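# What the coordinates show
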Amino acid sequence: MRLLKFILAGLMTTVVMTGVSLRVKAEEDFTYEVINENSISVKCANKSMKQAKIPEKIDGYTVTTLADKCFDGCTALESVTIPATVDHLGMYVFEGCSELKNVNIPESVTEIKEFCFEGCIKLEEITVDEGNTAYCSRDGVLFTKSCDTLIRYPQEKEAENYQVPDECRTISPWAFTDSQHLRDLSMSKVERIGADAFMGSIRLRNVTLSNDIEELIGASFAKCPLLMTIQLPSKLKSIGERCFFDCIRLRSIEFPDTLQTIGKMAFYGCVELGEVTIPSSVKTIEENGIGFSVDTNGENAVIPNITLNVDFGSPAYDYARESGVAFHAKVSGNIIMLVVVIILMLALLVVGIVITIKQNQLAKVAEQEQKEEEERLKKVAALQERRKQRKNE
């Protein structure tokens, strides 16, 4: 009996000591900054760790925040456990965690800042505890609780087709960047797309956008090398800088007649574009907006196969003529109408001048005839006066 008690006591001591050892090890893996008298933000100090279990407390302080770039450079990190004390995830928390496959967001988290999962190229899903009041997960995709904003589509999610839920109105910046498998994407109700949202989606081929989108910000679809077709929104007003940069398979693009601005290098490197019609609504095409790529010498060059269909005298006409991009200019109906009006006005002016000249000529003839008649009457009066004088004599 004494031996049994001794063995049990030894086991308990081992368990306790092991727990203490693990806790100390966990605390050693993180540095921290004090937020207030009770709370701290933590940052990983062990860049080689594979499994990270963030402690609830360190040195008596409660861990409430994962600092900006918390796991930056932890390229071996495969899994992470976030305690229920954490309510804030900073920017770039998991940046470059290229082996991380899944993350669970606990019920306590109320804020996730931008770019939290950037560079997690093997991330398959993001889950959220059901009790969380700020966020939710649908099929492994991270949304705000109401699903009105899509925050992050996991880069390694295997689905080839994705339909953004109808409740979603906003796509966050960088939400789909570096997607590895997504081929076809549709969003029927989305109204706003954040900067660089789909950049580097290497298998993305076809995109259908909601007609309610008025602006594509920044490099939304840059470096999507397989993108071939995209239906632009009917209300679109602006295409941002580098929006379709290096979309080398993009073969055609149809601009709506609401479009006003094509940003700098918006279609730079789109070498398979052929004929592109620029509507008369476009008032600004910024530097190298369309029709340019880099040549074999690394120099800026005009894409040889592209032709811009532009209205004569329009800003697009000026852009093509000044930049050297091949173009075909057509005279718009408004210009034709203007020319017709000008011709009619000139014709009326000519007719008016002719009539005035004719009237002046007739007036001169009448004046001359009147003078001649007055002269004749004077001569007749003089002749009569002489005859009268002769008769009196």
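A brief look at the structure comes next. Please read these numbers as outputs of a predicted model, since none were measured by experiment.

### What about the overall build of the protein chain?
- Scanning the protein chain for helices and strands turns up three helices and 28 strands.
- For a compact globule of 393 residues, the expected C-alpha radius of gyration is about 21 Å, and the protein chain comes in at 40 Å, more than 25% above that figure.
- Relative to its 393 residues, the protein chain shows a buried fraction of 39%.
- Restricting to contacts in the protein chain with at least 6 residues of sequence separation, those with at least 24 account for 31%.
- Looking at the protein chain as shown, the accessible area adds up to about 21800 Å², and 53% of this sits on carbon and sulfur atoms.
- Side chains of the protein chain carry 44 positive and 56 negative charges; the gap between the two charge centres is 9 Å.

### Comments concerning helix 2 (residues 315-323)
- Ala-316, Tyr-317, Tyr-319 and Ala-320 are the residues of helix 2 that are buried. One side of helix 2 holds all its buried residues, which, seen down the axis, span an arc of 160°.
- Those residues of helix 2 hidden inside the fold are in contact with strand 24 (284-285), strand 25 (292-294), strand 27 (307-311) and strand 28 (327-330).
- Following helix 2 by one or two positions, Gly-324 has its phi on the positive side, about 90°.

### Describing the pattern of salt bridges
- Going through the model one piece at a time under the given rule, you end up with 14 salt bridges.
- A salt bridge links Arg-183 to Glu-160, with the nearest nitrogen and oxygen atoms 3.9 Å apart. Linking Arg-183 in the loop between strand 15 (170-171) and strand 16 (184-186) with Glu-160 in the loop between strand 13 (149-152) and strand 14 (161-163), this pair joins segments that are 23 residues apart in sequence.
- Judged by its relative accessible area of 29%, Arg-183 falls in the partly exposed class.
- Residue classification places Glu-160 among the partly exposed positions, given a relative accessible area of 45%.
- The residue Asp-311 makes a salt bridge to Lys-330 at a minimum N-O spacing of 2.9 Å. One end of the pair, Asp-311, is in strand 27; the other, Lys-330, is in strand 28, with 19 residues separating them in the sequence.
- Its relative accessible area of 10% is what places Asp-311 among the buried residues.
- Given a relative accessible area of 40%, Lys-330 falls into the partly exposed group.
- Through salt bridges with shared partners, a single ionic network connects Arg-169, Glu-191 and Arg-192.

### Let's talk about the nonpolar core
- Counting residues in each nonpolar core, the largest one holds 63 residues, and the members touching the most others are Ile-171, Phe-221, Phe-244, Phe-255 and Phe-267.
- Secondary-structure elements contributing two or more residues to this core are strand 12 (141-144), strand 27 and helix 2.
- If you tally residues by element for this core, the top one is helix 2, at four residues.
- Those residues in contact with Phe-267 that sit more than four places away from it in its chain are Ile-239, Phe-244, Leu-250, Ile-253, Phe-255, Ile-262, Leu-273, Gly-289, Ile-290 and Phe-292.

### Notes on the pairing of strand 13
- Note that strand 12 and strand 13 share two bridges and pair antiparallel. By the bridge assignment for strand 13, Phe-143 is matched with Leu-150.
- Pairing analysis gives two bridges linking strand 13 to strand 15, with the strands arranged parallel. Counterpart to Leu-150 in the pairing with strand 15 is Ile-171.

### Brief notes about the sheet that holds strand 16
- Taken together, four strands build an open sheet; the order of strands is 14-16-18-20 and the sheet is parallel. Both outer strands of the open sheet, strand 14 and strand 20 (229-231), are each paired with one neighbouring strand and no more. Taking the axes of each pair of neighbouring strands and ignoring which way they run, one obtains an average angle of 5° across the sheet.
- As judged from the three bridges shared by strand 14 and strand 16, these two strands associate in the parallel manner.

### Quick look at a nonpolar patch on the surface
- On the surface, a nonpolar cluster with roughly 450 Å² of combined accessible area is contributed by Ile-342, Leu-346, Leu-349, Ile-353 and Ile-357.
- Take Ile-357: it is sitting in helix 3 (residues 333-392).

### Re the side chain of Thr-177
- Of note, Thr-177 is situated in the loop between strand 15 and strand 16.
- Separated by 3.2 Å, the side chain of Thr-177 and the backbone oxygen of Trp-174 make a polar contact.
- Excluding anything up to four places from it in sequence, Thr-177 contacts Glu-118, Arg-152, Gln-155, Asp-196, Ala-197, Phe-198 and Met-199.

Rules used throughout
- Throughout, a residue's number is its position along its own chain's written sequence, starting from 1.
- Under the rules for a predicted model, residues below a pLDDT of 70 receive no local features and side-chain atom pairs below 80 are neither given nor counted, while totals for whole chains, interfaces and linings still include all residues.
- Only hydrogens and water are removed before side-chain values are computed, so all heavy atoms of the structure are retained for them.
- Helical segments are the DSSP runs of H or I of at least four residues, strand segments are the runs of E of at least two, and each set is numbered from the N terminus.
- The reference for a compact globule is 2.2 Å times residues^0.38; the radius of gyration itself is calculated from the C-alpha atoms.
- Burial classification: accessible surface area is computed with a 1.4 Å probe over protein chains only, and a residue below 20% of its type maximum counts as buried, one above 50% as exposed, and the rest as partly exposed.
- We call two residues in contact when some of their heavy atoms are within 4.5 Å.
- Shrake-Rupley sampling with a 1.4 Å probe provides the accessible areas, and residues are treated as covered by the protein chains on show and by no other component.
- Counted as positive: Lys and Arg. Counted as negative: Asp and Glu, with His and the chain ends omitted from the count.
- Every charge is mapped to an atom, namely NZ of Lys, CZ of Arg, CG of Asp or CD of Glu.
- Directions pointing from the helix axis toward each C-beta atom define the arc.
- Should a side-chain nitrogen of Lys or Arg be within 4 Å of a carboxyl oxygen of Asp or Glu, the pair is scored as a salt bridge.
- We call a set of buried Ala, Val, Leu, Ile, Met, Phe, Trp, Tyr and Cys residues a nonpolar core when their side-chain atoms join them within 4.5 Å.
- Note on pairing: two strands pair once DSSP finds at least 2 bridges between them.
- As a rule, the C-alpha atoms of each element are fitted with a line to give its axis, helices using only the stretch in contact, and angles between N-to-C directions run from 0 to 180 degrees.
- Like charges within 9 Å and nonpolar side chains (Val, Leu, Ile, Met, Phe, Trp, Tyr) within 5 Å are joined into patches, using only residues over 30% in relative accessible area that form no salt bridge.
- Two N or O atoms form a polar contact when they lie within 3.5 Å of each other; inside protein one atom must be a possible hydrogen donor and the other a possible acceptor, and for residues adjacent in sequence the pair counts only when both atoms belong to side chains.

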